[in-house]
Amino acid sequence: MVAHILRLKLTLFVNSFRLSFWQVVGLAVGILYGFASAVFVVAGLVALRFVEVDVARATVIVVGSVVVVVVTVLPLILGTEDALDPRKFGLFGINTTKLSVALIIGAVVSVPAIVITVISLAQLVTWSRDGVSEVLAILSAVLIVATCLLSSRVSTSLAAFLLSTRRARDLAAIFSIIALLALSPVIILVLTIDWRHRGLELLGDAANVLGWTPLGAAWAIPADAAAGNIDDALAKLAIAAGWVVILAIIWRVLVGAMLTTPLRQPHARTYAGLGWFDWFARTPTGAIAARSMTYWFRDSRYGSSLLAIPFIPVFMVIVLAVAGIPLNELALLPLPVICLFLAWFVHNDVAFDNTAIWLHMSTSTIGRADRWGRIIPVLVLGVPLIAVGSVVSAWLFGDWVVLLSLVGVSSSLLLGGLGLSSVASARFPYSTVRPGDSPFSQPQGIGSPASGIQAFTFIAIIFFASPAIVSAALGFIYGSFWHLLALAIGVGVGLIVLTAGTAIGARVYDRRTSELLVFASQN
Amino acid sequence: MDSETDLNDVASLSEVSEESATPTSPASKPARKPRNVSATAPVVAAEPVERDIVLRISGLVKRFDDKTAVSGIDLEIAAGSFFGIVGPNGAGKTTTLSMVTGLLRPDAGTVTVHGADVWSDPVVAKRKMGVLPDRLRMFDRLTGAQLLYYSGVLRGLDKATIRIRTADLAAAFGLEDSLNRLVTDYSAGMTKKLALAAAMIHSPRLLVLDEPFESVDPVSAANVIDILQKYVAAGGTIIISSHTMNLIERVCDSVAVIVNGAVLASGPMAEVTAGKTLEEKFVELAGGRKAAEGMEWLHTFSD
């Protein structure tokens with residue numbers, strides 16, 4: 001049984017290389033990244049052998065705890081399809097206990113598991129200081145690997161189990177975005193601590209706390225022993241071993257429950273009426289705009305971006321404020337940044353439809369309707385935002401004359417950006433997350449490399465807005481005439497790029513609709 | 001949409017569903033003879049007077065890399081015929097229908113709908129067609145009602161017409177209770193029925209349906225067949241693909257057998273089958289029958 005599942009996992013691992021070129025490149029980058037970080041950690045652990053005990057202890061426990069957290073949370077965020085989901089073995093009639101053991105052992109054949117094993121072996125070097133510590137370090141290596149494997153299995157399966165309905169998945173995606181964004185101030189706080197003077201002290205405090213939790217206990221056993229604290233070491237051995245037993249029991253119960261629980265029946269929500277379709281004109285453009293608007297609020301791929309976009313400038317403002325730039329000057333930053341990202345976000349909009357785009361083809365919807373329909377929702381969000389946001393920003397800045405520049409630069413970014421996105425989404429679609437998949441999942445499919453197109457569109461938007469940006473910057477030096485010029489240039493260039501972009505985008509779309517569908521069906 | 005193309009007044013669809021409210025499993029019915037085969041044989045060759053050709057396919061070729069999916073298909077389908085396309089998996093049925101509906105650009109050949117070329121005059125040609133593609137997504141974050149409205153508006157219908165037809169189609173296909181739910185929460189069969197409704201909403205002259213009965217339950221399938229037969233009786237033309245031979249034989253009046261991207265036989269059902277069942281004739285033409293040897297272990301049960 002165990003041998004079968006091991007062989008299955010090995011085959012899956014090897015087969016993951018038999019994909020298209022870009023997928024193999026992605027996989028290779030992932031593996032390289034995994035092993036590079038492993039080498040880094042291993043080198044650190046070996047180096048810690050020659051550092052005084054307290055420092056080594058604090059570092060190992062804190063880093064070790066982080067490793068356990070990452071191993072537990074990473075599969076949730078990546079949301080990859082789980083090859084060893086217990087439910088896939090439900091039809092084979094395997095004894096539940098046997099299956100749960102086999103699945104854990106099968107999980108050893110994966111990049112993260114190998115990385116963890118290497119790291120846990122490296123900490124043997126760190127604690128090769130005296131006999132007792134070394135023996136305990138061997139025990140702790142076993143416990144570390146067991147803890148990591150079990151917690152990643154439990155978290156992956158629990159997520160797959162609980163998030164089996166579409167609504168649950170959509171909500172989870174939104175919540176994890178919020179959680180990630182909420183973490184950013186914490187990261188900044190950590191970065192701003194005066195590490196040179198108080199770093200070691202803080203690290204030691206953190207290690208003292210984490211060492212008593214299941215996260216750090218296994219790592220703390222040899223560390224405490226090496227520090228001469230055998231009693232603490234034995235207590236933590238008990239905690240770490242107890243935690244592995246608890247995880248194993250949870251895993252066994254979970255496998256049993258998953259095998260016997262049918263898929264959860266989704267509770268379908270109903271939506272009365274036509275929603276946004278009542279608000280837009282009864283023309284193809286209006287209908288596409290209403291459909292697009294509906295997706296912005298109902299599809300987690302759009303929803304997560306809509307949520308993330310306001311946080312990007314917040315993050316930038318915090319970083320720059322820490323760096324010492326006055327807050328009133330920073331008040332000018334958020335609005336243009338939000339406009340830039342709003343406009344840029346729709347540069348791959350056609351790929352988001354996947355093969356559903358056939359409907360536009362078979363109704364011979366013209367490119368102009370398709371292009372405008374997709375950008376109207378962004379204008380509906382963005383134009384009022386510029387109106388309100390520029391007033392608020394100027395008020396925070398404390399000088400009304402910047403209002404002109406703010407409107408100019410923001411309009412240039414939003415309008416010009418939408419024009420460029422209109423061209424890009426028709427001419428250069430690239431594989432993206434498929435409808436209904438987690439916004440974090442990796443797009444499966446072939447096609448042109450995404451990052452190049454993303455960077456190119458982003459830079460192009462800034463390039464076309466640069467006359468307005470330069471003029472606004474001159475306004476701060478030479479006075480209000482340049483602010484007025486920034487308004488004129490910004491709105492003017494924005495409108496020209498928008499008109500030209502949608503016209504070119506429409507022509508490209510009309511010529512290439514069949515190719516767009518072929519592309520989508522390969523995605 | 002001009003009234004001339006309103007061949008199939010959708011209002012009549014609701015009557016259809018009432019009529020067929022008693023479950024009529026397709027299997028329980030005696031195989032119905034193809035209607036009026038001799039009188040209105042839809043293929044031109046059989047008729048001295050040229051009939052109105054709705055769909056003309058000539059020399060259609062499609063290659064994917066080195067594999068030829070469709071190698072020169074010619075078909076002519078007359079108005080008022082219920083035309084079936086059968087073929088084994090991977091025979092090129094979906095590829096052919098995708099080119100017919102203007103979703104996939106052919107490497108060679110032409111497709112004309114009522115004289116309008118699908119690729120050089122797409123607006124006119126596509127307006128005359130209702131399309132149900134196989135394995136393509138829908139905008140599934142819309143509710144059923146929104147999707148029908150969306151299809152209707154893209155087809156240029158006005159609001160009142162869409163409202164009436166949505167209600168009629170929902171009643172005819174048994175979708176009344178699901179119209180306000182998201183399409184992504186539909187079952188496979190319901191999604192198919194909704195897609196079919198969306199294909200009919202503009203009352204086209206020609207319906208191109210790729211695997212319309214896949215994962216549709218027998219009662220719904222019987223309802224849908226009734227609707228389609230009324231549509232044909234009113235002068236509409238249907239081309240459907242399927243690998244359910246019984247169904248094709250029962251509902252279609254003419255048929256084409258496609259194997260390896262080429263038409264092996266086509267014409268009125270009676271001519272093609274020549275006294276056999278369609279299934280027997282098909283297996284004979286496709287020639288893919290393998291003797292079930294070498295699986296003796298299957299006959300010794302493991303416990």
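Residues numbered from 1 in each chain as written. Chains lettered and ligands numbered in written order. Predicted model: local features only at pLDDT ≥ 70, side-chain atom pairs only at ≥ 80, totals over all residues.

A few points about the overall build of chain B
Across its full length, chain B holds 10 helices and 10 strands. Counting only residues that meet the buried cut, chain B has 51% of its 303 residues in that class. In chain B, of all internal contacts separated by at least 6 residues, the share reaching a separation of at least 24 is 72%. (Helix = DSSP H or I, 4+ residues; strand = E, 2+ residues; numbered from the N terminus. Buried ≥ 20, exposed ≤ 12 C-beta atoms within 10 Å, placed from the backbone. Contact = placed C-beta atoms within 7 Å.)

Concerning the overall build of chain A
The number of helices and strands found in chain A is 21 helices and 0 strands. Of all 523 residues assigned to chain A, the portion counted as buried reaches 40%. In chain A, the share of contacts with a sequence separation of at least 24, taken over all contacts with a separation of at least 6, comes to 80%.

With respect to unusual backbone geometry
Residue and element names in this part refer to chain B. A positive phi angle, close to 50 degrees, is found at aspartate 65, a residue other than glycine. Using a count of 5 C-beta atoms within 10 Å as the deciding quantity, one classes aspartate 65 as exposed. One non-glycine residue, histidine 114, lies in the positive phi region at around 50 degrees. Summarising the element assignment, histidine 114 is placed in the loop between β4 (108–113) and β5 (116–117).

Re the sheet that holds β5(B)
All names here are of chain B. The 4 strands are arranged β2-β1-β4-β5 in an open sheet whose pairing can be described as antiparallel. At either end of the open sheet lies a strand with only one pairing partner, and these are β2 (67–78) and β5. In terms of strand pairing, strand β1 (residues 53–64) meets β2 through 9 bridges, oriented antiparallel. Note on β2: the bridge partner recorded for leucine 60 is isoleucine 73. Lying over the sheet, helix α2 (residues 93–100) contacts β1, β2 and β4, oriented at roughly 120 degrees with respect to β1. (Pairing = 2+ DSSP bridges. Axes fitted to C-alpha atoms, helices over the stretch in contact; angles between N-to-C directions.)

Brief notes about the domain arrangement of chain B
Residues and elements named next belong to chain B. According to the domain assignment, chain B consists of domain 1 (25–128 + 206–287) and domain 2 (132–203). Of the residues lining the interface, 16 residues belong to domain 1; the matching set on domain 2 comes to 12 residues. For the side of domain 1 that touches domain 2, the secondary-structure elements that each account for two or more residues are α2, β7 (206–210) and α7 (218–233). (Domains from an automatic or database assignment.)

Quick notes on the nonpolar core
If you look at the biggest cluster of nonpolar residues, it comprises 158 residues, and the most contacted ones within it are Ala343(A), Ala197(B) and Ile238(B). Not counting residues up to four positions away in its chain, the partners in contact with Ala343(A) are Val378(A), Leu413(A), Leu414(A), Gly417(A), Leu418(A), Ser421(A) and Ile461(A). (Core = buried A, V, L, I, M, F, W, Y, C linked by C-beta atoms within 7 Å.)

Some remarks on the sheet that holds strand β9 (residues 254–259) of chain B
Residues and elements named next belong to chain B. On the basis of which strands lie adjacent, the open sheet formed by 6 strands has the order β6-β7-β8-β3-β9-β10 and mixed pairing. Each edge of the open sheet is held by one strand with a lone partner, namely β6 (129–132) and β10 (262–268). Ignoring strand direction, the axes of neighbouring strands in this sheet form an average angle of 15 degrees. With 4 bridges joining them, strand β3 (residues 82–86) and β9 adopt parallel strand pairing.

Things to note about the packing of helix α19 (residues 402–427) of chain A against helix α20 (residues 450–478) of chain A
Two quantities define a packed helix pair, namely the angle between the axes and the distance from one axis to the other. Residues and elements named next belong to chain A. Between α19 and α20, the least distance of the axes is 9 Å, while the angle of their chain directions is 160 degrees. Classified by the angle their axes make, α19 and α20 are roughly antiparallel. For α19 against α20, the interelement crossing comes out right-handed. Contacts between α19 and α20 involve Ser405, Gly408, Val409, Ser412, Leu413, Gly416, Gly417, Leu420, Ser421 and Ala424 from the first element and Ile453, Thr457, Ala460, Ile461, Phe464, Ala465, Ala468, Ile469, Ala472 and Gly475 from the second. Classifying every residue of the contact of α19 with α20 gives 12 nonpolar, 8 polar and no charged. (Parallel < 35°, antiparallel > 145°, perpendicular 65-115°, else oblique. Left-handed = near helix turned anticlockwise from the far one by under 90°. Nonpolar A, V, L, I, M, F, W, Y, C, P; charged D, E, K, R; others polar.)

Remarks on the interface of chain B and chain A
Facing the 32 residues of chain B at the interface are 32 residues of chain A. If you list the elements that add at least two residues to the side of chain B that touches chain A, you get α3 (122–127) and α4 (144–154) of chain B. At 7 residues, α4(B) tops the list of elements feeding residues into the side of chain B that touches chain A. Residues that form the side of chain B that touches chain A fall into these classes: 15 nonpolar, 7 polar and 10 charged.

Some words on the pairing of β6(B)
Residues and elements named next belong to chain B. Side chains Met129 and Val131 project from β6 onto one buried face, and the interleaved Gly130 and Leu132 project onto a second face that is buried too. As paired elements, β6 and β7 share 4 bridges and run parallel to each other. The residue bridging glycine 130 from the neighbouring strand is leucine 207, located in β7.

A look at the pairing of β3(B)
Residue and element names in this part refer to chain B. When you tally the buried positions in β3, you get 5 out of 5 residues, the bulk of the element. The two faces of β3 match: Phe82, Gly84 and Val86 on one face and Phe83 and Ile85 on the other face are all buried. Bridging between β3 and strand β8 (residues 237–242) involves 5 bridges; their strand directions are parallel. From the neighbouring strand, phenylalanine 83 faces β8, where its bridge partner is isoleucine 239.

Quick word on helix α15 (residues 334–345) of chain A
Residue and element names in this part refer to chain A. Over its 12 residues, α15 extends 16 Å from the first C-alpha to the last, a length consistent with the 16 Å expected when each residue adds 1.5 Å. Among the 12 residues that make up α15, 9 are buried, leaving the element largely enclosed by the rest of the structure. For α15, every residue scored as buried is listed here: Leu335, Pro336, Val337, Ile338, Cys339, Leu340, Leu342, Ala343 and Trp344. Contact partners of the buried residues in α15: α13 (311–322), α18 (367–397), α19 and α20. (Expected span 1.5 Å × (residues − 1).)

What to know about the packing of α18(A) against α19(A)
Residue and element names in this part refer to chain A. Their axes nearest at 9 Å, the elements α18 and α19 cross at an angle of 165 degrees. For the element pair α18 / α19, the angle class is roughly antiparallel. Crossing of α18 against α19: the hand is right-handed. Between α18 and α19, the residues in contact are Arg371, Ile375, Val378, Gly382, Ile386, Ser390, Val391, Ser393, Ala394 and Phe397 and Val402, Leu403, Leu406, Val407, Ser410, Ser411, Leu414, Leu418 and Ser422, respectively. Among the residues forming the contact of α18 with α19, the class breakdown is 12 nonpolar, 6 polar and 1 charged.

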